[in-house]
Amino acid sequence: MLHVFDLDEKDKMILELLEKNPEMTQNDIARVVGLSQPSVGARIKRLKELGLISHVYGLNLKNSGLYVVKVDIKCRNPRKIVERFKRCPHFLNSFIVAGNKNLTLLFIGEDLSTVEAIIDRHLRPNSDVVDLDVGIVIKAERDMVMPIKILVEKTGSPCGSNCEECEYYISELCNGCPATAHYRGKLWK
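Residues numbered from 1 in each chain as written. Predicted model: local features only at pLDDT ≥ 70, side-chain atom pairs only at ≥ 80, totals over all residues. Heavy atoms only, no water.

Let us look at the nonpolar core. Membership of the largest hydrophobic core comes to 19 residues, with the highest contact counts inside it found for Leu-61, Leu-92, Ile-108, Met-146, Ile-148, Tyr-168 and Trp-188. Those elements giving two or more residues to this core turn out to be strand E4 (103-109) and helix H6 (167-170). Filtering out sequence-adjacent residues up to four positions away, Ile-108 remains in contact with Leu-61, Leu-66, Tyr-67, Pro-89, His-90, Leu-92, Val-115, Ile-148 and Trp-188. Core analysis: the next-biggest nonpolar cluster, separate from the first, contains 18 residues, Ile-73, Ile-81, Phe-91 and Leu-123 among them. (Core = buried A, V, L, I, M, F, W, Y, C linked by side-chain atoms within 4.5 Å. Buried < 20%, exposed > 50% of the residue type's maximum accessible area, 1.4 Å probe, protein only. Helix = DSSP H or I, 4+ residues; strand = E, 2+ residues; numbered from the N terminus. Contact = heavy atoms within 4.5 Å.)

Structure (structure tokens):
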């Protein structure tokens, strides 16, 4: 298996150029790197096949006006918690990590109270959660493009909750789940 540290200088140059400008043509890359266009194309294809690079389309969270919340959790079963959120429209990504907190979850929301309601309702009372810290991302230094499913089918809440019975929804502290007919926000309309 090839790892990033096994790349040669030409591969590293290609990666750096693509990171700065994902739309850069192979011809332009070839001129900068000193290779032929077919060689650059073959290298890019190989890097994609190895899963080392990918072209992701999504929202640039740096410019979206949405809130990103990071939740660091000390828990007994990180995979079980991640599984619960995989279909949640507010869920961006997760990282199983080493250290005191062994799971990091990223959520997105139009307002902080909706994300806080998700945390209060689905994480704080979870018996697998020992401790958690919540951090609100104030500023991103670099572009952060994340695939976000904007067109969410109204098939019912993926977590099984009923917005009509939720105290956060009733007291208008939560916009409701975008996968339900009860959703009051604007992004997933």
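This paragraph deals with a nonpolar patch on the surface. Side chains of Tyr-67, Leu-112, Ile-136 and Ile-138 sit close together on the surface and give an oily, nonpolar patch of about 400 Å² of accessible area. Relative to the helices and strands, Ile-138 resides in the loop between strand E5 (129-136) and strand E6 (145-146). (Patch = residues over 30% accessible without salt bridge, like charges linked within 9 Å, V, L, I, M, F, W, Y side chains within 5 Å. Areas by Shrake-Rupley, 256 points an atom, 1.4 Å probe, with all protein chains shown as cover. Salt bridge = Lys/Arg side-chain N within 4 Å of Asp/Glu carboxyl O.)

Mapping Asp-72 onto the fold places it in strand E2 (residues 67-75). Within polar-contact distance, the side chain of Asp-72 engages the side chain of Lys-70 at 2.5 Å. In contact with Asp-72, not counting residues within four places along its chain, are Lys-101, Leu-103, Thr-104, Asp-131, Leu-132 and Asp-133. (Polar contact = N/O pair within 3.5 Å; in protein donor to acceptor, adjacent residues only side chain to side chain.)

On to unusual backbone geometry, then. Among all residues except glycine, the phi angle is most often negative; among peptide bonds, the trans geometry is most common. Phi is positive for Glu-172, close to 60 degrees, though the residue is something other than glycine. Looking at the secondary structure, you find Glu-172 in the segment after H6.

Turning to helix H3 (residues 37-49), a few remarks are in order. Over its 13 residues, H3 runs 18 Å from end to end, which matches the ideal 18 Å to within 8%, given 1.5 Å per residue. Those residues of H3 that are buried are in contact with helix H1 (9-20) and helix H2 (26-33). Phi turns positive, to about 80 degrees, at Gly-51, one or two residues after H3. (Expected span 1.5 Å × (residues − 1).)

Of the positions making up helix H4 (residues 78-85), those classed as buried are Pro-78, Ile-81, Val-82 and Phe-85. The arc enclosing the buried residues of H4, seen along the axis, measures out at 100 degrees, which places them on a common side. Residues Arg-79, Lys-80 and Glu-83 are exposed on H4 and point more than 90 degrees away from its buried face. Those residues of H4 hidden inside the fold are in contact with E2, strand E3 (91-96), E4, helix H5 (112-122) and E5. (Arc of directions from axis to C-beta.)

This brings us to the sheet that holds E5. Pairing is antiparallel across the open sheet formed by 4 strands, whose spatial order is E3-E4-E2-E5. Every interior strand has two partners, whereas the edge strands, E3 and E5, have only one. Neighbour to neighbour, the strand axes of the sheet diverge by 20 degrees on average, direction disregarded. Two elements, E2 and E4, share 7 bridges in a ladder whose sense is antiparallel. When the bridges of E4 are listed, Val-69 appears paired with Phe-107. Packing against the sheet, H4 makes contact with E2, E3, E4 and E5, and its axis sits at approximately 15 degrees to E4. Packed onto the sheet, H5 meets E2, E4 and E5 and runs at close to 15 degrees relative to E2. (Pairing = 2+ DSSP bridges. Axes fitted to C-alpha atoms, helices over the stretch in contact; angles between N-to-C directions.)

This brings us to the packing of H1 against H3. Between H1 and H3, whose axes approach to 11 Å, the crossing angle comes to 80 degrees. With respect to each other, H1 and H3 are oriented roughly perpendicular. Between H1, through Lys-10, Asp-11, Ile-14, Leu-15 and Leu-18, and H3, the contact on the second element is made entirely by Val-40, Arg-43, Ile-44, Arg-46 and Leu-47. A class-by-class count of the residues in the contact of H1 with H3 yields 6 nonpolar, no polar and 4 charged. (Parallel < 35°, antiparallel > 145°, perpendicular 65-115°, else oblique. Nonpolar A, V, L, I, M, F, W, Y, C, P; charged D, E, K, R; others polar.)

If you trace the backbone, Lys-45 turns up in helix H3. Taking relative accessible area as the criterion, Lys-45 reaches 53% and is therefore assigned exposed. Along the primary structure Lys-45 and Trp-188 are separated by 143 residues, whereas in three dimensions their C-alpha atoms are 35 Å apart.

A full pass over the atoms with the stated rule returns 17 salt bridges. Among the salt bridges present, the one from Arg-31 reaches Asp-28, with a minimum N-O distance of 2.4 Å. One end of the pair, Arg-31, and the other, Asp-28, are both in helix H2, 3 residues apart, so they sit about a helical turn from each other. Residue Arg-31 is classed as exposed on the basis of its relative accessible area, which comes to 63%. Note that Asp-72 and Lys-70 form a salt bridge whose closest N and O atoms lie 2.5 Å from each other. When its relative accessible area of 33% is taken as the criterion, Lys-70 is described as partly exposed.

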